Amino acid sequence: MPDTVFELFKNLGAWLTSGEQWSGADGIAHRLAEHLQYSLLATLIAAVIGLPLGLLIGHTGRGAFVAINLASFGRALPTVGLVVLVFLASGLSMWPVYIALVALAVPAIVTNTYAGMTAVDPDVKDAARGQGMRAHQVLFQVELPLALPLIMTGLRLALIQVVATATIAAYVSFGGLGRYVFDGLAQRDLVQVLGGAVLVALVAVVLDLALSGLQRALFRHRPA
Amino acid sequence: MNRRALLGGLFAAASVPALSACSSGITSLQGEGTVGAGPGSSKDGITIGTANFTENQVLGYLYAAVLEAAGVKTTVRPNLGTREILIPALKGGDIDLLPEYQGALLHYVAPKSKATEEGEMQNALTVALPAGLQVLPYGMAEDSDAFVVTRETAEKYGLTSLADLTKQNGKLVIGAAAEVKTREVGAVGLKDVYGIEFKEFKSLDSSGPLVKGALKKGDVDVANLFTTDTDIQANGWVVLTDPKNLIPGQHVVPLIADRKADAPVRKALAKLGNVLTTKDLTELNRQVDKDKKDPEDVANAYAKRHGLTK
Amino acid sequence: MTIDWSWIADHTDDLTTLSVSHLQAALSAVFLGLLISLPLAVIAHRIRPLRGFLLGLSNVLFTIPSIAIFVLLLPVSGLTRTTTVIGLTIYTLVVLLRNTVEGLDSVPAKTKEAAKAMGTRPLRTLLTVELPLALPVIMAGVRIATVMSISLVSVATYIGDGGLGQLFTDGFQRNFPTPVIAGVVLTLLLALVADALLVALQYVLTPWTRKRGA
């Protein structure tokens, strides 16, 4: 067994560093770009849906029950099932991939945004109102900056999950790094599977670090 | 006890509600490396594995029907994956029996083999298979790989045979299951035997919704389908001829672990092989894919109708 | 996309079998995950330098696509339920380990000192004071891990297991929505029921939290 594991990683090194493996339609560069495109676009769409929703629920305090249960529901929803269902409804298109990824990301974003908003001290909000701030000013100048760390946590969590799950695009004929995992399974080429897995993990970690860097940058300019 | 046995034991023991409905961790206790290391003879039951397409599941349930009638207990594990996954599972003892296809199996175990005639291939298989595995006599039914284009594509490029594809080298996209990319009866052979080079290989599925959908939509120009797929005729698609005999005969043949291949098993499977025709198999596939019947029900009904079971 | 109700009526046995198999895989994984997480969490809690390493490792494992984990386990455990359970267990660690560590952290230092002052041995303190007090946070992790595992089991359909996930690949291959819808609904239902049962279990296990209305 240790021999096989050693062999596997040795071959992985060769796979990752061969120039041929990086070029062409099935090359790492192209698959990486596809994977980034699926993941970033899906997370962006999810943020556009989830952020206002979370802010609204957190600001008004209405719909908290929905927000909490949405998280549970989102975690329970089987991605493979959702992808297949949308595929059967829409045919050969990117819809199954994006719908499934957005459905995965929205709950994490909504619940963390909501949690961030409710964590803001009510006294602070009262004080802001007492100073004559309007509702939208309280929201954008007081609540939002204070809720930002948790909101960013939600975005990071969503992005990590989306990057790992975007692998599924390959199941419905598309590209991305999942291509190596699914093709490697069909061909029983474990080096290819491992290569795909390592690259996906790497993308997730790098994007997470980038977002956490962004978070720190945002913090620095946070109004006191 | 090797590593795998240890892990298997640990997890089998720890899986508290060991109700074990479909598959169990028990088989992993048999260890790896020893070919066909699963338990006992056919008296202990036979686990039939099947690949990830309709027809293979129909065949698996047909095997189960006739074996049960012969008094052998069977378990069918549907949809396990490709040959590349199934044969190691057969060697490891996770499954005991597998519906296979002569030519494709031969190319898997002996890529260099030149045998094309059924008897030759059967002999070549007997020689080339790893110790512990054997093929039983092949049946009448046949399901070949076919490389298919739409009528429009055929007319546009004047395509009737695989050889015609070389005129479009570097221009066409082929769609097939991912494993076909690395198979001799696939992208490798098309290049070596005919000199065909595609613009792109698109990994899709085994004569399933992806490859057929992509052919219809025009996402791929050439598709790898099975000759028993009724959609070829229904859509008026053109099967490219194979003048250089790249695609071998693909009679259905049972691949089995030696220890399970006793007389009652051989007899039951041989009887099925002599009854089931290509036409029958095509019709059974259609019932599952189009009428949405269960492969198990379709197989049982067929076996009963043909007097293979009571 | 219509539902073929007669198919569902004809397949209640299969749906039950698959649900049981599905739940078994998920629960085995959470149980094993807890078994692994508890000692590791104690180590991470006590030995600070190891804490970042262990939590970081579980985070990185979480970023590996589940399908890849299943495939990479094939040479070790083959096409078996064991492969499914090991793969799922790896994913439970990210939640279980973090929550258990956080739970242990949440135990007030004074409580531990009191136990020490009364002459309670460290192991006994851990088992009778720290872990019970950490239980609400640990249970929150168990609930998340359980729901997550129930949703993830279906990925193992690509290696021929996957409980209700088999309905997804079947429906996909045959362009047949009914089994897929049934699979999705049953998965959600299993998650809902399992979660409710865990809430009830936590209520029974932590009587002292009730008075505070938690």
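Everything numeric in this text was worked out from a predicted model, so none of it was measured.

Within chain C, the secondary structure is distributed over nine helices and zero strands. Helices and strands in chain C line up, N terminus first, as α-α-α-α-α-α-α-α-α. Each principal axis of the C-alpha atoms in chain C carries an extent, and together these give about 70 × 40 × 25 Å. Sequence-distant contacts in chain C: of pairs separated by 6 or more residues, those separated by 24 or more amount to 73%.

The next subject is the overall build of chain B. Scanning chain B from terminus to terminus reveals twelve helices and ten strands. Across the 310 residues of chain B, 51% fall into the buried class. Taking the contacts inside chain B whose residues are at least 6 apart along the sequence as the reference set, 76% of them involve residues at least 24 apart.

Attention now moves to the interface of chain A and chain B. Every contact between the two is made by 13 residues of chain A and, on the other side, 19 residues of chain B. Of the residues assigned to the side of chain A that touches chain B, the class counts are seven nonpolar, three polar and three charged.

In helix packing, the relevant descriptors are the interaxial angle and the interaxial distance, both defined with respect to the helix axes. Residues and elements named next belong to chain A. Across the interface, helix H4 (residues 64–76) lies against helix H6 (residues 95–118) with an axial gap of 9 Å and an inter-helix angle of 140 degrees. Crossing of H4 over H6 shows left-handed handedness. Each of Ala64, Ala67, Ile68, Leu70, Ala71, Phe73 and Gly74 in H4 lies in contact with H6, whose residues at this interface are Ala103, Leu104, Val106, Pro107, Val110, Thr111 and Tyr114. Partitioned by chemical class, the residues of the contact of H4 with H6 number twelve nonpolar, two polar and no charged.

Our next topic: the UniProt feature "domain: ABC transmembrane type-1" (unreviewed entry) in chain C. The UniProt record marks residues 19–198 of chain C with the feature "domain: ABC transmembrane type-1" (unreviewed entry), using the residue numbering of this structure. Helix makes up 84% of residues 19–198 of chain C and strand makes up 0%, while its end C-alpha atoms are separated by 18 Å.

In this model helix H9 (residues 177–205) of chain C runs 42 Å from its N-terminal to its C-terminal C-alpha over 29 residues, within 8% of the 42 Å that 1.5 Å per residue would give. Taken as a whole, H9(C) has its buried residues at Thr178(C), Pro179(C), Val180(C), Ile181(C), Ala182(C), Gly183(C), Val184(C), Leu186(C), Thr187(C), Leu190(C), Ala191(C) and Ala194(C). Turning to H9(C), the residues buried within the fold contact H4 and helix H5 (79–90) of chain A together with helix H1 (5–10), helix H2 (12–46), helix H7 (122–152) and helix H8 (165–174) of chain C.

What follows deals with unusual backbone geometry. Residues other than glycine seldom take positive phi values, yet Ser173(A) does so here, at roughly 85 degrees. Positive phi values are uncommon outside glycine, yet Ser207(B) reaches one of about 50 degrees. Following the sequence through the fold, Ser207(B) ends up in the loop between strand E7 (200–204) and helix H8 (209–217).

As a further point, take the nonpolar core. Val83(A), Ala105(A) and Leu62(B) are the most contacted members of the largest nonpolar core, which totals 215 residues. Here this core gets 14 residues from one element, more than from any other, and that element is helix H8 (residues 135–165) of chain A. Two domains share this core, each providing at least three of its residues, namely domain 2 (39–142 + 250–305) and domain 3 (145–239) of chain B. Beyond its immediate chain neighbours, meaning those up to four positions away, Ala105(A) contacts Ala42(A), Thr43(A), Ala46(A), Ala158(A), Gln161(A) and Val162(A).

Here is what the cut-offs are and how they apply
- Residues numbered from 1 in each chain as written.
- Chains lettered and ligands numbered in written order.
- Predicted model: local features only at pLDDT ≥ 70, side-chain atom pairs only at ≥ 80, totals over all residues.
- Helix = DSSP H or I, 4+ residues; strand = E, 2+ residues; numbered from the N terminus.
- Contact = placed C-beta atoms within 7 Å.
- Buried ≥ 20, exposed ≤ 12 C-beta atoms within 10 Å, placed from the backbone.
- Nonpolar A, V, L, I, M, F, W, Y, C, P; charged D, E, K, R; others polar.
- Axes fitted to C-alpha atoms, helices over the stretch in contact; angles between N-to-C directions.
- Left-handed = near helix turned anticlockwise from the far one by under 90°.
- UniProt positions renumbered as here; feature names shortened; annotations may be inferred.
- Expected span 1.5 Å × (residues − 1).
- Core = buried A, V, L, I, M, F, W, Y, C linked by C-beta atoms within 7 Å.
- Domains from an automatic or database assignment.

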